[in-house]
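One letter stands for each residue in the lines below.
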Amino acid sequence: MKFAIAFAAILAVALAAPPHEERDAHITKYENDNLGVDGYRFVYDTSNRIQRQEEAQLKNFGDDVSALVVRGSYSYTGDDGQVYTVNYIADENGFQPEAAHIPRA
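The following refers to the structure shown. (Residues numbered from 1 in each chain as written. Predicted model: local features only at pLDDT ≥ 70, side-chain atom pairs only at ≥ 80, totals over all residues. Heavy atoms only, no water.)

### Digging into unusual backbone geometry
Right, on to step 1. The phi dihedral of Arg49 is positive, around 70°, even though this residue is not glycine.
Right, on to step 2. Tracing the backbone through its elements, the reader meets Arg49 in the loop between β2 (39-46) and β3 (51-60).
Right, on to step 3. The residue Asp63 is not glycine, and still its phi comes out positive at about 50°.
Right, on to step 4. Relative to the assigned elements, Asp63 resides in the loop between β3 and β4 (66-77). (Helix = DSSP H or I, 4+ residues; strand = E, 2+ residues; numbered from the N terminus.)

In structure tokens, the structure reads:
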């Protein structure tokens, strides 16, 4: 549940752009590979310079406990014209984003 909330919040930030660009944006690239219960992969780009890729693989933690381990990244152009990129992993240690513009503890 925590992952879903964090993921939704980060996706909302990634998709944030001035309204006129969003209204006219369209998908310029889309690839999707569903691996069934073993995971998935997808990539997409949009005309307003948002890019995202993600891959998930099923990991067995023993004792009949399995979960998807997700790795990915997204990038977008901020209002300042700079491209921001976030790389992340979500696994048994939670959601772990890394980016130059995210402060480290």
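From this point, things continue past the structure.
### Concerning the pairing of β4
Right, on to step 1. Bridge count between β3 and β4: 10 bridges; the pairing is antiparallel. Note on β4: the bridge partner recorded for Lys59 is Ala67.
Right, on to step 2. Between β3 and β4, which pair antiparallel one after the other, the connecting turn spans five residues, and Gly62 there sits at a positive phi close to 90°.
Right, on to step 3. Across eight bridges, β4 lies against strand β5 (residues 83-91) in antiparallel orientation. Bridging from a neighbouring strand, Gly72 pairs with Tyr88 of β5.
Right, on to step 4. Between β4 and β5, which pair antiparallel one after the other, the connecting turn spans five residues, and Gly81 there sits at a positive phi close to 85°. (Pairing = 2+ DSSP bridges.)

### Some thoughts on the pattern of salt bridges
Right, on to step 1. As enumerated under the stated definition, the model contains five salt bridges in all.
Right, on to step 2. A salt bridge links Glu31 to Lys29; its shortest N-O distance comes to 4.0 Å.
Right, on to step 3. The class for Glu31 is partly exposed, based on a relative accessible area of 44%.
Right, on to step 4. For Lys29, a relative accessible area of 34% gives the class partly exposed.
Right, on to step 5. Note that Glu55 and Arg41 form a salt bridge whose closest N and O atoms lie 3.8 Å from each other. (Salt bridge = Lys/Arg side-chain N within 4 Å of Asp/Glu carboxyl O. Buried < 20%, exposed > 50% of the residue type's maximum accessible area, 1.4 Å probe, protein only.)

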